[in-house]
Amino acid sequence: MSDIVETAEQASYRAEVRAWYDTNATPKKPDHPWATNIHIDPNAAARHFENSKSWLGVLHAAGYSGIAWPAEYGGGGGESWMTRIEREIAGDYQEWTGFPGSTIAMLGPTLMRHGTEEQKKEFIPTLLSGERTFCQLFSEPGAGSDLASLGTKAVLDGSPDDGEFVVNGQKVWNSSAQYTDWGFILVRTDPDAPKHKGITFLLVDMSTPGVEVRPLVQINRSAHFNEVFFNDVRIPAANVVGEINEGWGPARTVLSNESAFIAGTRISTADKLRALATERGVTGDPVIRQELVRYLASERISGWMGEQVQQAVRRGEMPPMDPGLIKLRASNNKRLAGDLAMTIMGAAATASEPGGADAAQTFWAQAESMGRYSISIGGGTDQVLKNNIGERSLGLPREPGYDKNQAWKDIPK
Ligand SMILES: Cc1cc2nc3c(=O)[nH]c(=O)nc-3n(C[C@H](O)[C@H](O)[C@H](O)COP(=O)(O)OP(=O)(O)OC[C@H]3O[C@@H](n4cnc5c(N)ncnc54)[C@H](O)[C@@H]3O)c2cc1C
């Protein structure tokens, strides 16, 4: 529970949600902290995704997904504090909305802000219920941090009202694209315009002929993300979000909501680090104790900062600080936690056999040690966030660039 003093109405809502979870969900086992959501077996990973999706459906049916979203788009029409309370309580139970839940935070506000009335009515309810799941198809082999340089080509066949875009190109690092039934993609529709101007944002049904998804297997042997190839894929022009060639606006809405979402995600690794130190008998070691306290303090500060950003987002206000700052802290915390686990466990923190006897070792190796740098890249790298914070919050001069006003087709690739 947060430190906010609750009104009688809020306390009563908290009791109602708690009672629902007690009846419908499974409490986490505090003496069993080593469960991970990382699956090496592709079938187990697919089942995990399906479970997250169905759990989102259960929550939606009970009124606990999209609590504060407008009722006409499948939401509950409630207050933002209700979402906060529900999320806090949800953290005490094993069921998880996983990737489908996180996409609501990215695509939902984008459809609300840039979508047509038809798109809002068609897509937002199914996004909230998990009936449709979406992957993000932004990055390309030649476009990551400099996303606006993307080159996946789309040519309009027919009129902007009832024609189709024919899409060719490759995307990469697309989380969960092997499981989602839809995606949102950035394509180059005007190569003669400067790089930020000729991009279009489309919704794509992943079962459309010509879409090929190839999972990428990582160092921990799981396949979190994919390469996605587009060969003459026909996407209805009615699926454009915003205007043709003006896709950079919706793309920025996705990226800033993604950063705010990652920043606001409740991360509680301190208890696990303490459990690890206890299990390995090193809680009396003065250096380990000092590092544990350093980590705990850093995690708590990040949590409080994240809560302030989330509250502002839920009230529809500008965050009181740059959300990128909290994401930077989150990636630093993840590094600190992985480093400390390495100090406690040594090389064992990087080698494990899933389902092996040592559950703690599997957890740290699979989820935390080998994966500790992913958050410093996904959703914007630390270096680029620092550039952005410097420019946006500190008023430093913009990073020098040579290609902002040049036609995209003339930029050296
Ligand atoms: C866990 C995870 C999930 C992801 N999920 C998705 C997804 O679902 N969909 C999707 O489209 N993409 C996804 N990505 C991709 C992610 O958005 C890119 O990896 C990221 O934008 C960086 O791009 P890049 O990998 O091409 O690296 P590059 O942009 O090539 O960067 C390489 C290095 O150069 C540095 N650098 C680049 N530009 C600058 C600069 N101007 N100033 C200083 N340093 C700079 C970077 O910080 C980095 O260290 C995911 C990535 C991760 C790790």
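Residues numbered from 1 in each chain as written. Predicted model: local features only at pLDDT ≥ 70, side-chain atom pairs only at ≥ 80, totals over all residues. Heavy atoms only, no water.

A. Structural view of the side chain of E258. In this fold, E258 is placed in helix 6 (residues 248–264). The charged side chain of E258 is buried without a salt bridge, its nearest counter-charge being K327 at 7.7 Å. For E258, the contacting residues outside a window of four places in its chain are M106, Q136 and G379. (Helix = DSSP H or I, 4+ residues; strand = E, 2+ residues; numbered from the N terminus. Buried < 20%, exposed > 50% of the residue type's maximum accessible area, 1.4 Å probe, protein only. Lys, Arg positive; Asp, Glu negative; His and termini not counted. Salt bridge = Lys/Arg side-chain N within 4 Å of Asp/Glu carboxyl O. Contact = heavy atoms within 4.5 Å.)

B. Local environment of the site of the ligand. Every one of the 18 residues lining the ligand counts as a neighbour, but S139, S145, W173, T381 and Q383 are closest to it. Here an oxygen atom of the ligand sits 2.7 Å away from a polar atom, N or O, in the main chain of S139. S145 is positioned with one of its side-chain polar atoms (N or O) 2.6 Å from an oxygen atom of the ligand. Within the complex, 66% of the 970 Å² of free accessible area of the ligand lies under protein. Residue contributions to the shell around the ligand peak at 3 residues, all from helix 11 (residues 382–392). By residue class, the composition of the shell around the ligand is 5 nonpolar, 12 polar and 1 charged. When residues of the shell around the ligand are assigned to domains, at least three fall in each of domain 2 (134–246) and domain 3 (265–380). (Near = heavy atom within 4 Å. Polar contact = N/O pair within 3.5 Å; in protein donor to acceptor, adjacent residues only side chain to side chain. Areas by Shrake-Rupley, 256 points an atom, 1.4 Å probe, with all protein chains shown as cover. Nonpolar A, V, L, I, M, F, W, Y, C, P; charged D, E, K, R; others polar. Domains from an automatic or database assignment.)

C. Representation of the packing of aromatic side chains. Evaluation of the coordinates by the stated rule reveals 18 aromatic pairs. Seen in terms of ring centroids, F134 and W182 are 6.1 Å apart; in terms of plane orientation they differ by 45°. Their pairing is tilted. Of the two residues, F134 sits in strand 1 (residues 134–137) while W182 sits in strand 4 (residues 182–188), which places them 48 residues apart along the sequence. The exposure classification of F134 matches that of W182, with both residues buried. Taken together, the ring pairs connect W20, Y21, W55, Y64 and Y93 into an aromatic cluster. One Lys or Arg, K413, reaches over the ring of W408 and ends 4.1 Å from the middle of that ring. (Phe/Tyr/Trp six-rings, centres within 6.5 Å; stacked < 30°, edge-to-face > 60°. Lys NZ or Arg CZ within 6 Å of the ring centre and 35° of its normal.)

D. Molecular detail of the environment of S65. Residue placement: S65 occurs in the loop between helix 2 (42–62) and helix 3 (80–90). S65 has contacts with L56, L59, H60, I104 and L128, leaving out every residue within four places of it along the chain. Looking at S65, its side chain comes within polar contact range of the main-chain oxygen of L128, at 2.6 Å.

E. Geometry of helix 4 (residues 98–114). For helix 4, spanning 17 residues, the distance from its first C-alpha to its last is 25 Å, which sits close to the expected 24 Å at 1.5 Å a residue. For helix 4, the principal kink sits at A105 and spans about 35°; a proline, P109, occurs within the next four residues. Buried residues dominate helix 4, accounting for 12 of its 17 residues. Three or more residues of helix 4 are buried, namely G98, F99, P100, G101, S102, T103, I104, M106, L107, G108, T110 and L111. (Expected span 1.5 Å × (residues − 1). Bend = angle between axes of the 7 residues up to and from the residue.)

F. Structural view of the nonpolar core. Counting 27 residues, the largest nonpolar core has L107, F134, F138, F184, L186, F201 and L203 as its most contacted members. Where this core is concerned, the elements lending two or more residues are helix 4, helix 5 (117–129), strand 4, strand 5 (199–205) and helix 6. Built from parts of two domains, this core gets at least three residues from each of domain 1 (13–129) and domain 2 (134–246). Setting aside residues no more than four positions away along its own chain, L107 makes contact with L127, F134, F184, F201 and L203. (Core = buried A, V, L, I, M, F, W, Y, C linked by side-chain atoms within 4.5 Å.)

G. How the structure looks around the environment of V172. Here V172 lies in strand 3 (residues 164–172). By relative accessible area, which is 7% here, V172 ends up buried. Sequence spacing of V172 and I235 is 63 residues, and the spatial spacing of their C-alpha atoms is 19 Å. Residues within four places of V172 in sequence aside, it is in contact with S139, E140, P141, L216, N226 and E227.

H. The packing of helix 7 (residues 270–279) against helix 10 (residues 359–369), seen in detail. Across the interface, helix 7 lies against helix 10 with an axial gap of 11 Å and an inter-helix angle of 135°. As summarised for this structure, helix 7 and helix 10 are arranged oblique, according to the angle between their axes. In the packing of helix 7 onto helix 10, the handedness of the crossing is left-handed. Contacts between helix 7 and helix 10 pair K272, L273, L276 and E279 from the former with A360, F363 and W364 from the latter. Classifying every residue of the contact of helix 7 with helix 10 gives 5 nonpolar, no polar and 2 charged. (Axes fitted to C-alpha atoms, helices over the stretch in contact; angles between N-to-C directions. Parallel < 35°, antiparallel > 145°, perpendicular 65-115°, else oblique. Left-handed = near helix turned anticlockwise from the far one by under 90°.)

I. Geometry of the side chain of E391. Residue placement: E391 occurs in helix 11. Engagement of the side chain of E391 in a polar contact is seen with the backbone nitrogen of E399, the distance being 2.9 Å. Once residues lying within four places of it in the same chain are set aside, the contact partners of E391 are L396, P397, R398 and E399.

J. Main features of the pairing of strand 3. As paired strands, strand 2 (residues 153–157) and strand 3 are joined by 5 bridges and run antiparallel to one another. Residue pairing in the sheet places K153 in a bridge with N168 of strand 3. The sheet contact formed by strand 3 and strand 7 (residues 225–236) spans 8 bridges and is antiparallel. Residue pairing in the sheet places E164 in a bridge with P236 of strand 7. (Pairing = 2+ DSSP bridges.)

K. Quick look at the domain arrangement of the protein. Taken domain by domain, the protein comprises domain 1 (13–129), domain 2 (134–246) and domain 3 (265–380). Placing the centre of domain 2 and that of domain 3 at their C-alpha centroids yields a distance of 33 Å.

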